[in-house]
Amino acid sequence: QKTAYEIYQCDWSSDVCSSDLVFWIVFMGTVLPFWLYFIAFKFIDSKKASVFGLLEPVLASLVALILLGETLVMIQIIGGIMVLIGVLFAETARN
């Protein structure tokens, strides 16, 4: 039984191996998560869905900061704070 690492040990100049990896990244890293994300919106109301949509870039930045060791510059931090303030206003607004 080969591991995933052993399966994808290949010559990177090979079109077959690189096209397989590109397909895997595109499908499993983009198409499937977005499809599941939008399916999940069927189970919550529109107000919560809009809040989740607004928080997505802020949470993605925090995950990148914590898990990937990315650095955030001041303008990104200010932008994240502005988004959080906007979400707070949207959440507390009267109908």
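A few points on the structure. The numbering scheme is per chain: residues are counted from 1 as the chain's sequence reads. The predicted nature of this model means local features are confined to residues of pLDDT at least 70 and side-chain atom pairs, given and counted, to a pLDDT of 80 or more, with totals for whole chains, interfaces and linings taken over all residues. Each side-chain value is worked out from all heavy atoms of the structure, with water and hydrogens disregarded.

### Topic: the overall build of the protein
Next, step 1: Helix numbering and strand numbering both begin at the N terminus, where a helix is a DSSP run of H or I of at least 4 residues and a strand a DSSP run of E of at least 2. When helices and strands are tallied, the protein shows 4 helices and 0 strands.
Next, step 2: Start at the N end of the protein and walk to the C end: the helices and strands fall as α-α-α-α.
Next, step 3: Excluding contacts between residues fewer than 6 apart, the proportion of contacts in the protein whose partners are at least 24 apart in sequence is 37%.
Next, step 4: Under the convention used here, a 1.4 Å probe and the Shrake-Rupley method define accessible areas, while residue burial counts only the protein chains that appear. Total accessible area computed for the protein in this model is approximately 8100 Å², and 71% of it derives from carbon and sulfur atoms. By definition in these notes, contact holds between two residues if any of their heavy atoms fall within 4.5 Å.

### Topic: the layout of surface pockets
Next, step 1: By volume, the largest pocket is sized at about 210 Å³.
Next, step 2: Detection works on a 1 Å grid of protein atoms alone, calling trapped sets that fit a 1.4 Å probe cavities and calling open sets with protein on both sides within 12 Å along at least five of seven lines pockets, with lining residues defined by an atom within 4 Å of a point. Taken together, 13 residues form the lining of the largest pocket, with Ser-61, Leu-72, Gln-76, Ile-77 and Gly-80 sitting closest to its centre.
Next, step 3: All residues other than Ala, Val, Leu, Ile, Met, Phe, Trp, Tyr, Cys, Pro, Asp, Glu, Lys and Arg, Gly among them, are scored as polar; the first ten of these are nonpolar and the last four charged. Here the residues of the lining of the largest pocket are counted per class, giving 8 nonpolar, 5 polar and no charged. Grid points are joined across faces, edges and corners, and a volume is the space filled by probe spheres set on the points.

### Structural notes on the environment of Lys-47
Next, step 1: For Lys-47, the position within the fold is in helix H3 (residues 46–67).
Next, step 2: The class of Lys-47 is partly exposed, set by a relative accessible area of 33%.
Next, step 3: Setting aside residues up to four positions removed in sequence, Lys-47 forms contacts with Ala-90, Glu-91 and Ala-93. Note on exposure labels: buried denotes an accessible area under 20% of the residue type's maximum, exposed denotes more than 50%, and partly exposed covers the range between, all computed with a 1.4 Å probe on protein chains only.

Read these as geometric descriptors, not functional statements.
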